[in-house]
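Descriptive structure summary
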Amino acid sequence: MKLVIQRVANASVEVDNEIIGQIDKGLMVLVGFGQNDTTKEVDYLSKKLIKLRIFPDENGRMNNSVQDVSGKLLLVPQFTLYGKTKKNRPSFHKALNPDDATKLFDYIVEKCSNDIEVETGEFGAYMKVNLISKVLIGSMALSTGQKASAQITPHLTPITRNIDKFIPSDIN
């Protein structure tokens, strides 16, 4: 299981030009599942996600979780997190099959919803994800089976990113 976490001032996801999920302050999280993932991995990373201290406290130190700052989650399914490229064409054979991945995505939404407000993208749909980030820490990646790693991306001005989602039927 892989999560790519982005601290946001606000974020939304659109399907067919209609906003289906939207948050203000919180975390936009791309969620991907690998072939061996189970509810055990979801239990572990959903707990870690909710408790991850990446929001500043009154002294500017990253000591607060999304829950501590009354933030929200926008969870977006993204099988392409398991994409591999040997040459110029990506392969997604390590991603979990869509039926089982949908069940695990629904499960992580349920688990996180017990602790915090959650909005979602739509599994298997073409999605347009918009986010505005006004933070010095850009994104973090968490995955099972290894230590959490952080990619620090300094952003001195607000940014907007659009992420187009591919669905498995597009891949021959």
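Just above, that's the structure.
Here's what I pulled together on the structure shown here. (Residues numbered from 1 in each chain as written. Predicted model: local features only at pLDDT ≥ 70, side-chain atom pairs only at ≥ 80, totals over all residues. Heavy atoms only, no water.)

Right, let's talk about the overall build of the protein for a bit. Assigned secondary structure in the protein consists of 2 helices and 14 strands. The proportion of buried residues among the 172 residues of the protein is 45%. Taking all contacts inside the protein whose residues are at least 6 apart in sequence as the whole, residues at least 24 apart take part in 71%. Within the structure as shown, the protein displays about 9800 Å² of accessible surface, and the carbon and sulfur contribution to it stands at 47%. (Helix = DSSP H or I, 4+ residues; strand = E, 2+ residues; numbered from the N terminus. Buried < 20%, exposed > 50% of the residue type's maximum accessible area, 1.4 Å probe, protein only. Contact = heavy atoms within 4.5 Å. Areas by Shrake-Rupley, 256 points an atom, 1.4 Å probe, with all protein chains shown as cover.)

The next subject is the packing of helix α1 (residues 39-51) against helix α2 (residues 98-113). Between two packed helices, the angle of one axis relative to the other and the distance separating the axes together describe the packing. Interaxial distance between α1 and α2 falls to 10 Å at its minimum, and their mutual angle equals 40°. The pairing of α1 with α2 is recorded here as oblique in orientation. When you trace α1 past α2, the crossing you get is right-handed. Where α1 approaches α2, its residues Thr39, Val42, Asp43, Ser46, Leu49 and Ile50 are matched on the opposing element by Leu104, Tyr107, Ile108, Lys111 and Cys112. Tallied by class, the residues present in the contact of α1 with α2 amount to 7 nonpolar, 2 polar and 2 charged. (Axes fitted to C-alpha atoms, helices over the stretch in contact; angles between N-to-C directions. Parallel < 35°, antiparallel > 145°, perpendicular 65-115°, else oblique. Left-handed = near helix turned anticlockwise from the far one by under 90°. Nonpolar A, V, L, I, M, F, W, Y, C, P; charged D, E, K, R; others polar.)

Here we take up the nonpolar core. If you look at the biggest cluster of nonpolar residues, it comprises 27 residues, and the most contacted ones within it are Phe33, Leu73 and Leu75. Elements with a minimum of two residues in this core: β1 (2-8), β4 (26-32), α1, β7 (72-77) and α2. The greatest single-element share of this core, amounting to 6 residues, is contributed by α2. In contact with phenylalanine 33, not counting residues within four places along its chain, are Met1, Val42, Tyr82, Lys94, Ala95, Leu96, Ala101, Leu104, Phe105 and Ile108. (Core = buried A, V, L, I, M, F, W, Y, C linked by side-chain atoms within 4.5 Å.)

In this section: the pattern of salt bridges. One pass over the full model with this rule turns up 2 salt bridges. Measuring nitrogen to oxygen at the nearest pair gives 3.6 Å for the salt bridge that ties lysine 72 to glutamate 117. Of this pair, lysine 72 sits in strand β7 while glutamate 117 sits in the loop between α2 and β10 (118-120); the two residues are 45 residues apart in sequence, bridging distant segments of the chain. (Salt bridge = Lys/Arg side-chain N within 4 Å of Asp/Glu carboxyl O.)

Moving on to α2. Helix length check: α2 (16 residues) gives 22 Å between terminal C-alpha atoms against 22 Å at 1.5 Å per residue, within 8%. Ala101, Leu104, Phe105, Ile108, Val109 and Cys112 are the residues of α2 that are buried. Projected down its long axis, α2 carries its buried residues within an arc of 145°, all on one side. Along α2, the residues that are exposed and aim more than 90 degrees away from the buried face are Asp99 and Lys103. The secondary structure elements touched by the buried residues of α2 are β1, β4, α1, β7 and β10. At the N-terminal boundary of α2, the capping side chain belongs to asparagine 97, with an oxygen 3.2 Å from the backbone nitrogen of aspartate 99. (Expected span 1.5 Å × (residues − 1). Arc of directions from axis to C-beta. Polar contact = N/O pair within 3.5 Å; in protein donor to acceptor, adjacent residues only side chain to side chain.)

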